[in-house]
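The primary structure of each chain is shown beneath.
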Amino acid sequence: MISRMCSIFFGLLLLISTSTYSLEVIEILGGKASEIPIAIAPFEGSEIISGQKAHQIISSDLNRTGLFRPLNTSGISNPPSSDININYTKWSAMDAQFIVVGKVEIENPVSGNIKVTWSLIDIFKEKTVVSMRYTGKKSQYRAIAHKVSDNVYEHLTGSKGIFHTKIAYVKKVNDKKYSLNVADFDGFNSRSILNTTQPIISLRWSPDGEKIAYVSFEKKKPVIYIQNLRTGKRTLLANFKGNNSAPAWSPDSRKLAIVLTYNQNSQIYTINADGSGIKQLMRSHAINTEPSWAPNGEDIYFSSNRGGSPQIYKVNINDDEISRVTYEGKYNLSPSISYDGKLLLFLTNDQGKFKVAIQNLISNQVLKISEGPADESPIFAPNGHLVLFTYKDYGKTTKIGTVSINGLKRLPINVGTSIIQEPTWGPITN
Amino acid sequence: MEELQLKKSLLLLSLVALLGAGCSSTPLDAPGDPAASNYYGTDAATAEALGLEELRGNTLLTQRSVFFDFNKYDIKDEYLDLIGAHAQYLNNHAPARMIIKGNADFRGSHEYNLSLGQKRSVAVKEALNALGVDDSQIETISYGEEYANQECQADACGQDRRADITYEVE
């Protein structure tokens, strides 16, 4: 199954990138057909929890990935709640290849804790893939449903799911009211961790999950802070003459690449997370900015206009050797690298429309995965299979959404009516 | 865009006229005159050392914005007089400190626009350097697109592609 999924996945990427870059074409080429049809049956007893039901949360999670096609199960009478007595003929007539069933029970009437028992079943093989039980507080119901999604995803794709991760973003209420917010990856359970009257940009979550680095304009110019998520305490990482911006964590969370100007153009430096050991990486008359640390810890991808218009380059931090990475298109920005180091995510100006694109770093094939016209800030999910980005809703208000890396599924993340921008994605934690 | 710039210049001119009117009615160098605080809260000696009367009286010195084309940071000829006047002012008043703030329109990434705004402020600084101004008198920073109009269309975005000259004393 795993190898089959992988071949579908990468086969699709290849198929798309050899065609013209229109999303309509991708769908005609059979993207939809390669999605796994999966039925998530309504969980027995889920009426004891208010709000969205487990099967809706799981369906919504899997749907975002572009790898699954959750089937509508709302009209099914007496859905199965365990892997006993599955009517395989009925589910296979619905085209379901897999089914998830489960039940929710009160585990402890005193504490009110709940117990969720569930199974993933292969309809074709008439065989249970996995059965598990989670217990927790009622308030952890969404988290438990996301854990089910993670397990289904991992069993069917061989990659870790990201449904239990967090994102952070900037909410701009008006010109004098900004907040830095943290939420579940799907926008639920959001809370603000900083409120300020000046812009905040360039959020970057540390790979160890503990901190967020960001750029604030509260000192009347851009400076870099690091905020500890557990204590809420923040420290000023860089406040040198001129601008201080574009923090990017090293894979071990011990260093950052940052951009400083002094009285010149933007140049990239590395600095220890405690503010010591600052070192300039390379020097040029052109703009060097938007560093992004590769998972190997040795290469830093960045954008630069050294060739005229902005393109993406990489520099080796040991010998300062620079090579150009993007060649397609005249204006490419905002690089970020997948956690396996194989895919480059970036922003491309396609005849005046800003779109999210992915370049396979082995074949160098490029696939545009969004339509623009004003998309920005693409960032990989920690498993590299989904992308968080911003787009302009009805051409006006900036919002966040996800797009699957095959470009098939673009869905909004609803976190309110304000301007939502500059998102970052936290790591997978246990 | 040109029309907008023209409007802006007219606005500046009328502001200058207003300031000028206020100036003539209150002799600012009069000892103990509370109006002396109009010089950004400095005393008369500092005001003289910094040439503040000239700074707000000279039409060219009251022009503070240099505009650029999309993704560009080369200075157009039409701004050379303005830059020349500010260079002369800085050369004549060694204690004066200028802060140049670069800006960009909203298109493209926040970080690249921060760098582009910086390129623009550095372009203005280098033009001043070429006229003999020392780096110690100038600080360059950028606001990128952070204070730009996020909904501008086409030419109207030109208002955000600029470097603003400010002085520390202000």
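See above for the structure.
All values derive from a computational prediction rather than experimental measurement. (Residues numbered from 1 in each chain as written. Chains lettered and ligands numbered in written order. Predicted model: local features only at pLDDT ≥ 70, side-chain atom pairs only at ≥ 80, totals over all residues. Heavy atoms only, no water.)

K.L.:
Run through the overall build of chain A, naming residues and quoting values.
P.N.:
Along chain A, the regular secondary structure elements total five helices and 29 strands. Taking 430 residues into account, the globule formula puts the C-alpha radius of gyration at 22 Å, and chain A, at 23 Å, falls close to it. Taken over the C-alpha atoms alone, chain A extends approximately 75 × 55 × 40 Å along its principal axes. A total of 430 residues make up chain A; the buried ones form 57% of that total. Residue pairs in contact within chain A that sit at least 24 positions apart in sequence constitute 43% of those at least 6 positions apart. Of the accessible surface of chain A, which amounts to about 17,800 Å², a share of 49% is contributed by carbon and sulfur atoms. Of the side-chain charges in chain A, 48 are positive and 36 negative, and the distance between the mean point of each set is 6 Å. (Helix = DSSP H or I, 4+ residues; strand = E, 2+ residues; numbered from the N terminus. Rg over C-alpha atoms; globule rule 2.2 N^0.38 Å. Buried < 20%, exposed > 50% of the residue type's maximum accessible area, 1.4 Å probe, protein only. Contact = heavy atoms within 4.5 Å. Areas by Shrake-Rupley, 256 points an atom, 1.4 Å probe, with all protein chains shown as cover. Lys, Arg positive; Asp, Glu negative; His and termini not counted. Charge placed at Lys NZ, Arg CZ, Asp CG, Glu CD.)

K.L.:
Just give me the short version of the sheet that holds strand E15 (residues 267-272) of chain A, but keep the residues and values in it.
P.N.:
All names here are of chain A. Taking strand neighbours across the sheet as the criterion, the four strands line up as E13-E14-E15-E16 in an open arrangement whose pairing is antiparallel. Of all strands in the sheet, those bounded by a partner on one side alone are strand E13 (244-249) and strand E16 (279-280). Sheet analysis places strand E14 (residues 255-260) next to E15, joined by six bridges and oriented antiparallel. Pairing of Lys255 across the sheet is with Asn272, part of E15. (Pairing = 2+ DSSP bridges.)

K.L.:
So what's going on with the state of the cysteines? Which residues, and what values?
P.N.:
Residue and element names in this part refer to chain B. Inspection of every chain in the model, using the stated rule, returns one disulfide over all chains. One disulfide bridge connects Cys152 with Cys157, the sulfur atoms lying 2.1 Å from each other. Disulfide Cys152-Cys157: torsion about the S-S bond near 105°, hence right-handed. As far as the burial class goes, Cys152 and Cys157 line up, both buried. (Disulfide = S-S within 2.5 Å.)

K.L.:
Which residues make up the sheet that holds strand E3 (residues 138-144) of chain B, and what values go with them?
P.N.:
Residues and elements named next belong to chain B. Spatially, the four strands line up as an open sheet ordered E1-E4-E2-E3, and their pairing is mixed. Among the strands making up the open sheet, the edge pair consists of strand E1 (65-67) and E3. Across the sheet, the mean angle from the axis of one strand to that of its neighbour is 20°, orientation sign disregarded. The pairing of strand E2 (residues 98-103) with E3 spans six bridges and is classified as parallel. Following the sheet pairing, Asn103 is matched in E3 by Gly144. Strands E1, E2, E3 and strand E4 (162-167) of the sheet are contacted by helix H5 (residues 80-92), whose axis makes an angle of about 25° with E4. (Axes fitted to C-alpha atoms, helices over the stretch in contact; angles between N-to-C directions.)

K.L.:
Could you give an account of the interface of chain A and chain B, naming the residues involved and the relevant values?
P.N.:
By a widespread convention, an interface's size corresponds to the accessible area lost as its parts come together. The interface of chain A with chain B comprises 39 residues on the first partner and 30 residues on the second. Of the roughly 2,900 Å² buried where chain A meets chain B, counting both sides, 49% is carbon and sulfur surface. Taken as a group, Asn263, Ile287 and Glu376 of chain A account for 18% of the area that chain A buries against chain B, more than any other trio of residues on that side. Applying the counting criterion to the chain A and chain B interface returns two salt bridges. A salt bridge links Lys396 of chain A to Glu151 of chain B; its shortest N-O distance comes to 3.6 Å. Taken together, the elements giving at least two residues each to the side of chain A that touches chain B come down to strand E9 (200-205), E13, strand E17 (288-293), strand E21 (332-337) and strand E29 (419-425) of chain A. Taken together, the residues that form the side of chain A that touches chain B break down as 15 nonpolar, 16 polar and eight charged. (Buried area = accessible area lost by both parts, 1.4 Å probe. Salt bridge = Lys/Arg side-chain N within 4 Å of Asp/Glu carboxyl O. Nonpolar A, V, L, I, M, F, W, Y, C, P; charged D, E, K, R; others polar.)

K.L.:
Outline the nonpolar core, supporting the account with residue identities and numerical values.
P.N.:
For soluble globular proteins, the rule of thumb is that nonpolar side chains tend to be buried together. Ranked by size, the top nonpolar core spans 42 residues in total, and within it Ile38, Leu62, Val100, Trp118, Leu120, Val152 and Ile167 of chain A carry the most contacts. Among the elements that make up this core, the one with the highest residue count is helix H5 (residues 141-157) of chain A (seven residues). Setting aside its immediate chain neighbours within four residues, Ile167 of chain A contacts Asn181, Val182, Ala183, Asp184, Phe185, Trp205, Leu388, Ile400, Ile413, Thr424 and Trp425 of chain A. In terms of nonpolar packing, the next biggest core, distinct from the first, is built from 26 residues, Ala85, Ala87, Ala96 and Val133 of chain B among them. (Core = buried A, V, L, I, M, F, W, Y, C linked by side-chain atoms within 4.5 Å.)

K.L.:
Please give an account of unusual backbone geometry that cites residues and values.
P.N.:
All names here are of chain A. With an omega dihedral of 10°, the bond running from Gly372 to Pro373 counts as a cis peptide bond. A positive phi is found at Asn85, a non-glycine position, where the angle reads about 60°. Since its relative accessible area comes to 72%, Asn85 is described here as exposed. Even without a glycine there, the phi angle at Ser334 is positive, about 50°. Within the fold, Ser334 resides in strand E21. For Ser334, a relative accessible area of 10% puts it in the buried group.

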